[in-house]
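Chains, contacts and geometry: an overview
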Amino acid sequence: MRNLMDFSSWQAVITTLLGLVVVTVLMVGIRLLVMETVQQRRNRENRQINERLRTLIAAYKTLGGSFTGDLAVDPTHLRDLRASAGGADTAAGEDLSVSVSFDRARRIRDVVEGALSDVILLGTERQVLLAARAATDLVAGRPVHTDELVVSLRDFIRKVLDLEPVPTKVAIPKQGPTRPGGGGGGKGKGDTGGGDRAGTKQDGKGAGAGGGGAAGGGMGLGLGAGLAQGDPGREAESSPLELRD
């Protein structure tokens, strides 16, 4: 330290100042490097937490988006319906209603399966156990209720977001999977109408083009006839050699 802080001469003062600058720069660089490393780690952890929360919130909305109706997930597949039908003839109305109800149950089952896979990937230990049990029931063909898993997801999300827990005196009814809206039949009809209108416009354009072609053909015929029946003077002008003879 005595050798570092030497002010006996100008050269010693300059050397001391340069040494202090080098030491300060090294200390500041090390501090900045440590701060950058810690900041990157925090940003990575925050991104992971945000992505996990976003996924679990989406799973919560899917698994617990309904309070009324049938809150159980129907694991029935189309092959099971065909096997149970056994080739029996049904009325057209009954067949249509069964098809619509099955399509709705199939869409609910598909979105629930996706939400369960997200919970198994990013949920807590209890949530993973509940989601795995629900997935096992779906594979076994048993109806599944998701209310217990929904409660666990709700409590976890509120805790992570630093929200107060749901009051115990609040009686929240059982929640089930969200019910998808109506299909795209209206869109298909609109597309069909648009196609018909487009076809009508194309037909109109084709008819107009055909009329124009017919008119052009008529004009050509009239012009040809006029040239064939031309006056003698024009014919004389067109043949000057015959006039000299």
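Look a little higher up for the structure.
All of the points below concern the structure found in this document. (Residues numbered from 1 in each chain as written. Predicted model: local features only at pLDDT ≥ 70, side-chain atom pairs only at ≥ 80, totals over all residues. Heavy atoms only, no water.)

1. As for the overall build of the chain
- The helix and strand tally for the chain stands at eight helices and two strands.
- Beginning at the N terminus, the succession of helices and strands in the chain can be written as α-β-α-α-α-β-α-α-α-α.
- In the chain, the share of contacts with a sequence separation of at least 24, taken over all contacts with a separation of at least 6, comes to 75%.
- Surface summary for the chain: the accessible area is close to 18,100 Å², and the carbon and sulfur share equals 60%. (Helix = DSSP H or I, 4+ residues; strand = E, 2+ residues; numbered from the N terminus. Contact = heavy atoms within 4.5 Å. Areas by Shrake-Rupley, 256 points an atom, 1.4 Å probe, with all protein chains shown as cover.)

2. Things to note about the environment of F156
- Along the polypeptide, F156 turns up in helix α5 (residues 147-160).
- Considering only alpha carbons, one finds F156 and Q127, 29 residues apart in sequence, at a separation of 9.5 Å.

3. With respect to α5
- Under the 1.5 Å per step criterion, the end-to-end length of α5 is 20 Å for 14 residues, consistent within 8% with the ideal 20 Å.
- Taken together, the buried positions of α5 are L149, V150, S152, L153, R154, F156 and I157.
- Where α5 ends, the next residue or the one after it, D162, has phi of about 60°, a positive value. (Expected span 1.5 Å × (residues − 1). Buried < 20%, exposed > 50% of the residue type's maximum accessible area, 1.4 Å probe, protein only.)

4. A short note on the nonpolar core
- Counting 21 residues, the largest nonpolar core has L63, L116, V119, L149 and L153 as the members making the most contacts within it.
- Going through the elements one at a time, α1 (10-63), α3 (92-122), α4 (125-140) and α5 are the ones with two or more residues in this core.
- Those residues in contact with L63 that lie beyond four places of it in its chain are V112, A115, L116, V119, T146, L149, V150, L153, Q175, G176 and P177. (Core = buried A, V, L, I, M, F, W, Y, C linked by side-chain atoms within 4.5 Å.)

5. Notes on the packing of α1 against α5
- Running from amino to carboxyl end, α1 crosses α5 at an angle of 145°, the nearest separation of the two axes being 10 Å. As for how α1 packs across α5, the hand of that crossing is left-handed. Touching I49, R52, L53, L56, I57, A59, Y60 and L63 of α1 are L149, V150, L153, R154, F156, I157 and V160, all from α5. (Axes fitted to C-alpha atoms, helices over the stretch in contact; angles between N-to-C directions. Left-handed = near helix turned anticlockwise from the far one by under 90°.)

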